[in-house]
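Coordinates in review
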2 protein chains.
Amino acid sequence: MPKYVDHDLQRQEVAEIVATLIARAGIESVTVRAVAQEAGVSTAVVSHYFASKRELLLHCYRATAARATARVQAAMAVDDSNLEAVLAALLPIRADARRDWLVWFAFWGMAIADPEFSKHQRMEVKKARKTFATWLGNNPRLPTRRKRHVERIARQLLTLLMGTAIEAAFDPADWPATRQRAQFASILSELTTPAPRRSR
Amino acid sequence: MPKYVDHDLQRQEVAEIVATLIARAGIESVTVRAVAQEAGVSTAVVSHYFASKRELLLHCYRATAARATARVQAAMAVDDSNLEAVLAALLPIRADARRDWLVWFAFWGMAIADPEFSKHQRMEVKKARKTFATWLGNNPRLPTRRKRHVERIARQLLTLLMGTAIEAAFDPADWPATRQRAQFASILSELTTPAPRRSR
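For every chain, the first residue of the written sequence is number 1, and numbering continues from 1 onward in sequence order. Chain A is the first chain written and ligand 1 is the first ligand written, with later ones labelled in order. Restriction of local features to residues with pLDDT of at least 70 applies here, the model being predicted, together with a cutoff of 80 or more for giving and counting side-chain atom pairs; totals for whole chains, interfaces and linings are based on all residues. The side-chain numbers reported here are obtained from all heavy atoms of the structure, hydrogens and water having been left aside.

**Considerations on the relation of the copies chain B and chain A**
The following threshold applies: Least-squares fitting of one copy onto the other uses the C-alpha atoms of those residues that reach a pLDDT of at least 70 in both copies. In what follows, residue pairs with any heavy atoms lying within 4.5 Å of each other are defined as contacts.
Mapping chain B onto chain A calls for a screw motion: a turn of 180° about the axis and a shift of 0.0 Å along it, with 0.0 Å RMSD after fitting. As the rotation angle and translation indicate, the two copies are arranged about a two-fold axis. Every residue of chain B has its C-alpha some distance from the rotation axis, and the shortest such distance is that of Gly163 of chain B, at 2.0 Å. Of the residues that chain B buries at the interface, 100% are likewise interface residues in chain A, meaning the two copies contact each other through the same surface.

Pasting the structure below:
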């Protein structure tokens, strides 16, 4: 294998380890030393790529964002018009999605006073919103009159998704999968309903 | 002044200082020593009440939650039926509300791996949801047929509020007050629309 493939694998492994540490023991447990220990390598190997906890967290954040994008794309590949299923791919229903949300909470906590982290957060939100808007714009289930408002709808779906995920991640017993999905039911049914007729 | 009043004042002051530290330099900057320095007292005075960073943060979290409740109650006292204004009292529109959200992000980051913090988070969510449901149930602007669904509506309004606050806190330029408030417009107008056949 050429060397750069090795490096990519290591970086992916590091992201996995950081996410696992965060989910298990919180952001405080993420250190270059702890990551090296989990990976079974020397601290020098990890610190060659990641000089600090901050760099580890930023790398892990970006990896989880990419993974979330991949989950959405997989759901779209199954059925692009299934609005609910595509949104559900981002909710903390599956264990891997829940772990990604925990990473994001840890990241937000750090982003409060970190302009670069805040910038990444803004970029990811804008990217997600744009993906939603494009997807809604092309969606056969949406009547034409709704398509002028895809930007606003995408914005609202994303905020509802984030709020639901925060509540659900801390209270899974109160948020079974059906309830998480149901959050979107009224908006989606309103979205996809054909224009009202005067006589019913 | 009796002694317990003095203590209450000190605890309130400590909560203020912790919130200011979080907003200025993030959760990492919160230490017993830093709080003492800001308050102009010795570390011993602070550590008499708060043994650790964890206790400082929990105290600050509870104080901000109480303050948010007070903001909501003030908005209700002005006009209980103004749904949008009551919700807006919780959004990061005013500087004090934005700072409270930053405290909550920091708290969530810690709550990931802290069962007691998670429990407090669940309790606050349940309390907010209950306040919303009671308020909607008594609200003259809601038609009777909606009142059977106040639990579900309260749940959805709260998730939408949380999601909006997270996006807005990290991207105030993208979220002017009008846009934050507009998030609720479609749900609230749907809620308060009389049934197609008027019974008045």
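**A short note on the interface of chain B and chain A**
Note the threshold: As used here, buried area is the combined drop in accessible area, with a 1.4 Å probe, of two parts when they are placed together. Any Lys or Arg side-chain nitrogen found within 4 Å of a carboxyl oxygen on Asp or Glu counts as a salt bridge. Within 3.5 Å is the distance limit for a polar contact, defined as a pair of N or O atoms, with the added protein rule that one can donate a hydrogen and the other accept it, and that residues adjacent in sequence qualify only through two side-chain atoms. Counting from the N terminus, the helices are the DSSP runs of H or I reaching at least four residues and the strands are the DSSP runs of E reaching at least two. When residue character is reported, Ala, Val, Leu, Ile, Met, Phe, Trp, Tyr, Cys and Pro are called nonpolar, Asp, Glu, Lys and Arg charged, and the others, Gly included, polar.
Taken together, the contacts link 41 residues of chain B with 41 residues of chain A. Summing both partners gives a buried area of about 3,400 Å² for chain B against chain A, and 59% of it is carried by carbon and sulfur. On the chain B side of the interface with chain A, the three residues burying the most area are Ile112, Arg155 and Phe170 of chain B, jointly 21% of the side's total. For Lys126 of chain B, the salt bridge is made with Asp171 of chain A, and the minimal N-O distance between the two is 3.2 Å. Taken together, chain B and chain A are joined by 14 residue pairs in polar contact (both at pLDDT 80 or more). No other element matches helix 9 (residues 150-170) of chain B, which puts eleven residues into the side of chain B that touches chain A. Along the lines of polarity and charge, the residues of the side of chain B that touches chain A split into 19 nonpolar, ten polar and twelve charged.

**Let's talk about the packing of aromatic side chains**
The line we're drawing: Aromatic rings from Phe, Tyr and Trp, taking only the six-membered ring of Trp, are treated as a pair when their centres fall within 6.5 Å; an angle between ring planes under 30 degrees marks them as stacked, one over 60 as edge-to-face, and anything in between as tilted. Throughout this description, the term charge over a ring refers to an Arg CZ or Lys NZ atom that lies within 6 Å of the ring centre and within 35 degrees of the ring normal.
What the rule picks out here adds up to 18 aromatic pairs over all chains. Cluster of aromatic residues (ring-pair linked, three or more members): Trp101, Trp104, Phe105, Trp108 and Phe170 of chain A together with Trp101, Trp104, Phe105, Trp108 and Phe170 of chain B. For Arg155 of chain A, the ring lying beneath its charged end belongs to Trp175 of chain B, and the centroid distance is 4.6 Å.

**Some remarks on the pattern of salt bridges**
Filter applied, for reference: Think of it in three bands: residues with accessible area under 20% of the maximum for their type are buried, residues over 50% are exposed, and the middle band is partly exposed, with areas taken using a 1.4 Å probe on protein chains only.
A full pass over the atoms with the stated rule returns 32 salt bridges over all chains. Residues Glu16 of chain A and Arg67 of chain A are paired through a salt bridge, measuring 2.5 Å at the closest nitrogen-oxygen approach. A residue pair is termed long-range when its members are at least 10 positions apart, and Glu16 of chain A in helix 1 (residues 3-25) and Arg67 of chain A in helix 4 (residues 53-78) qualify at 51 residues. Residue class for Glu16 of chain A comes out partly exposed when judged on its relative accessible area of 29%. The closest approach of N and O atoms between Arg67 of chain B and Asp100 of chain B, which form a salt bridge, is 2.5 Å. Separated by 33 residues along the polypeptide, Arg67 of chain B in helix 4 (residues 53-78) and Asp100 of chain B in helix 6 (residues 95-111) bring together distant segments of the chain. With respect to class, Arg67 of chain B is no different from Asp100 of chain B; both count as buried.

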